[in-house]
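Understanding the architecture of this molecule
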Number of protein chains: 2
Amino acid sequence: MVKYKKTERQELLLERVSSDPFLTDERLAEIFKVSIQTIRLDRLELDIPEVRERIKHVAREETDKIRSLSLQEVIGEIIDIELNDHALSLFIAEEGHVFKKNKIARGHYLFAQANSLCVAVIDQPLALTKTAHIDFVRPVKLGDKVISKAVVENMDGRIATIQVVSKVEQRLVFKGRFEMYYTGEGEYDG
Amino acid sequence: MVKYKKTERQELLLERVSSDPFLTDERLAEIFKVSIQTIRLDRLELDIPEVRERIKHVAREETDKIRSLSLQEVIGEIIDIELNDHALSLFIAEEGHVFKKNKIARGHYLFAQANSLCVAVIDQPLALTKTAHIDFVRPVKLGDKVISKAVVENMDGRIATIQVVSKVEQRLVFKGRFEMYYTGEGEYDG
DNA sequence: ACTGATTCTAGTACCAACTACTAAACGAGG
DNA sequence: CCTCGTTTAGTAGTTGGTACTAGAATCAGT
């Protein structure tokens, strides 16, 4: 078995590692028929982190993917909207939204649905929640289809007042009154 | 400082670990205020593998599998807790939490942090949000470290009243008053 | 064939995050 | 009081490394 030269081995090492980040130095040493130390030197020169870091990196990418999917910008799907007037959205309570014990949806998802809807209904470049008074009337269970309706009550040039009611099969589960701050310029800075 | 009982701690441990597989025994011991050995015993009983194995597992999983499994249940990391009295959590506003345009965090994440904290601070099998009055005092920007503090004002047997304030670098960004419904039995059904 | 540089191998001390085990301390109940 | 479930403490051993030193092997050019 003819061994590779340094540069060649390092190229192959890079390929190997990026195609399978789970390879330990020991395995790599076997593969390239060199000592572990050589592999370590190679990694040092090529700035390849150790196996655990490589795996963590892969895992983080995976979780980030999920996060960007699950931490959606908008909770619920908007099914009807009349800007500056009213909007409707649908949110289905899935496994990830409920407490494990009793399968009741965590309150912040209902809030998020209502809040997203309020942001969406305001036809302005910037819309931030200023205050909210909310009531969780009835628990929402796993699988429930929550229809949320936002109605804009008034807009006085800076603040919009919005009433939101959410229902599951015609039954009220959540209601809230939101004050949204908005501007055309985005000049809000605290 | 009232610690959790074994079974309760183990349930919470499961949730914690499945929502964040990167937690080491050391971190978990800090979180639950028990020794590392206790965490190890818990993992042994619950068949939870060590961090590295968990990470490997995450790294190998298909993305859509994870999507259904590990939607984040809790927003923010609890850093101090005295059951039925007060609790502190940290939430860092990341890319997924902010509006693309102006990098201001969406209100429902701040709400979610506060809401999660209220659920956590109540030492009862069932705790649901009943009402909330909230103010978004100042916008939270990308990268901001939000420290949220929940203080239980009173618990009258069914309803707990909790004040929450959230700050970024000592400056108030959010405050709210939450009423939480709780029972020992879970007999709430609407 | 000898010199010098490059490359490789060997070996040590140290680390994190464990497993697997033993033993002691704590705490509530009978 | 003693007992049992639970918790904590401590030791030895493992994996897969880092960081470093030192020596051996190889090759290139003279």
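Residues numbered from 1 in each chain as written. Chains lettered and ligands numbered in written order. Predicted model: local features only at pLDDT ≥ 70, side-chain atom pairs only at ≥ 80, totals over all residues.

**A closer look at the overall build of chain A**
So the rule is basically this: Comment: elements are numbered from the N terminus, with helices defined as DSSP H or I runs of at least four residues and strands as E runs of at least two. Buried residues are those with 20 or more other C-beta atoms within 10 Å of their own C-beta, exposed residues have 12 or fewer, and partly exposed residues lie in between; C-beta atoms are placed from the backbone. Any residue pair is listed as a contact if its two C-beta atoms, each placed from the backbone, are within 7 Å.
Along the backbone of chain A there are five helices and six strands. For chain A, buried positions account for 33% of its 190 residues. The contacts of chain A with a sequence gap of at least 6 include a subset with a gap of at least 24, amounting to 64%.

**Quick word on the protein's contact with DNA strand D**
Filter applied, for reference: Using the backbone to place each C-beta atom, any residue with that atom within 6 Å of a molecule or strand is considered near it. Nonpolar residues are Ala, Val, Leu, Ile, Met, Phe, Trp, Tyr, Cys and Pro. Charged residues are Asp, Glu, Lys and Arg, and all others, Gly as well, are polar.
Close to DNA strand D lie 13 residues, the nearest being Thr24(A), Glu50(A), Val51(A), Val34(B) and Thr38(B). Of all elements in the fold, only α2 (25–32) and α3 (36–46) of chain A together with α3 (36–46) of chain B reach the threshold of two or more residues within the surface near DNA strand D. The dominant element in the surface near DNA strand D, judged by the number of residues it contributes, is α3(B), at three residues. Residue composition of the surface near DNA strand D, by class: three nonpolar, five polar and five charged.

**Some words on the packing of helix α2 (residues 25–32) of chain B against α3(B)**
Residue and element names in this part refer to chain B. Just so we agree on the cut-off: Throughout, an axis means a line fitted to C-alpha atoms (over the contacting stretch in the case of helices), and angles, computed between N-to-C directions, take values from 0 to 180 degrees. Comment on the angle field: the value is read as roughly parallel under 35 degrees, roughly antiparallel over 145, roughly perpendicular from 65 to 115, and oblique elsewhere.
Two numbers describe how α2 lies on α3: the axes approach to 8 Å, and their chain directions differ by 105°. The angle between α2 and α3 places the two elements in the roughly perpendicular class. Here Asp 25, Glu 26, Leu 28 and Ala 29 of α2 come into contact with α3, specifically with Ile 36, Ile 39 and Arg 40. Here the residues of the contact of α2 with α3 are counted per class, giving four nonpolar, no polar and three charged.

**So, the pairing of strand β6 (residues 171–183) of chain A**
Residue and element names in this part refer to chain A. How we decide: Each pair of strands is called paired provided DSSP finds at least two bridges between the two strands.
Relative to β6, strand β3 (residues 126–136) is paired through 10 bridges, and the arrangement is antiparallel. Each residue of the ladder has a partner; that of Ala 127, found in β6, is Tyr 182. Connecting strand β5 (residues 159–168) to the antiparallel partner β6 that follows it, the hairpin turn spans two residues, and Glu 169 within it adopts a positive phi of roughly 50°.

**Side note on the nonpolar core**
Defined as follows: Take the buried Ala, Val, Leu, Ile, Met, Phe, Trp, Tyr and Cys residues, join any whose C-beta atoms are within 7 Å, and the set you get is a nonpolar core.
Membership of the largest hydrophobic core comes to 69 residues, with the highest contact counts inside it found for Leu110(A), Cys118(A), Ile162(A), Leu110(B), Cys118(B), Val121(B) and Ile162(B). The contact partners of Cys118(A), leaving out residues within four places of it in the chain, are Thr129(A), Ala150(A), Ile162(A), Val164(A), Phe178(A) and Met180(A). Ranked by size, the runner-up nonpolar core spans seven residues in total, among them Val51(A), Ala59(A), Ile55(B) and Val58(B).

**Here's the deal with the sheet that holds strand β4 (residues 145–155) of chain A**
Two orientations exist for strands paired in a sheet by backbone hydrogen bonds: parallel and antiparallel. Taking strand neighbours across the sheet as the criterion, the 12 strands line up as β1(A)-β2(A)-β4(A)-β5(A)-β6(A)-β3(A)-β3(B)-β6(B)-β5(B)-β4(B)-β2(B)-β1(B) in an open arrangement whose pairing is antiparallel. At either margin of the open sheet sits one strand with a lone partner, and together these are β1 (77–82) of chain A together with β1 (77–82) of chain B. Averaged over all neighbouring strand pairs, the angle between strand axes comes to 20°, with direction disregarded. Across 10 bridges, the pairing between strand β5 (residues 159–168) of chain B and strand β6 (residues 171–183) of chain B is antiparallel. Bridging from a neighbouring strand, Ile162(B) pairs with Phe178(B) of β6(B). Lying on the sheet, helix α5 (residues 107–121) of chain A is in contact with β1, β2 (86–92), β3, β4, β5 and β6 of chain A together with β3 (126–136) of chain B; it crosses β4(A) at an angle near 45°.

**Comments concerning the protein's contact with DNA strand C**
Every residue close to DNA strand C is listed here: Lys6(A), Val34(A), Ser35(A), Gln37(A), Thr38(A), Leu41(A), Thr24(B), Asp25(B), Glu26(B), Arg40(B), Glu50(B) and Val51(B). Those elements giving two or more residues to the surface near DNA strand C turn out to be α3 of chain A together with α2 of chain B. With three residues, the top contributor of residues to the surface near DNA strand C is α3(A). Considered class by class, the residues forming the surface near DNA strand C number three nonpolar, four polar and five charged.

**Quick notes on the confidence of the model for chain A**
Parts of the model with low pLDDT should not have their predicted coordinates read in detail. All names here are of chain A. Note the threshold: On a scale of 0 to 100, pLDDT captures the predictor's confidence in every residue.
Across chain A, the average pLDDT comes to 87, with 90% of residues at 70 or higher. Taken element by element, the predicted model of chain A shows its lowest mean pLDDT in helix α4 (residues 51–70) (77) and its highest in β5 (96). For the stretch residues 186–190, pLDDT sits under 50, and the model shows 10 contacts to residues farther than four places along the chain or on other chains.

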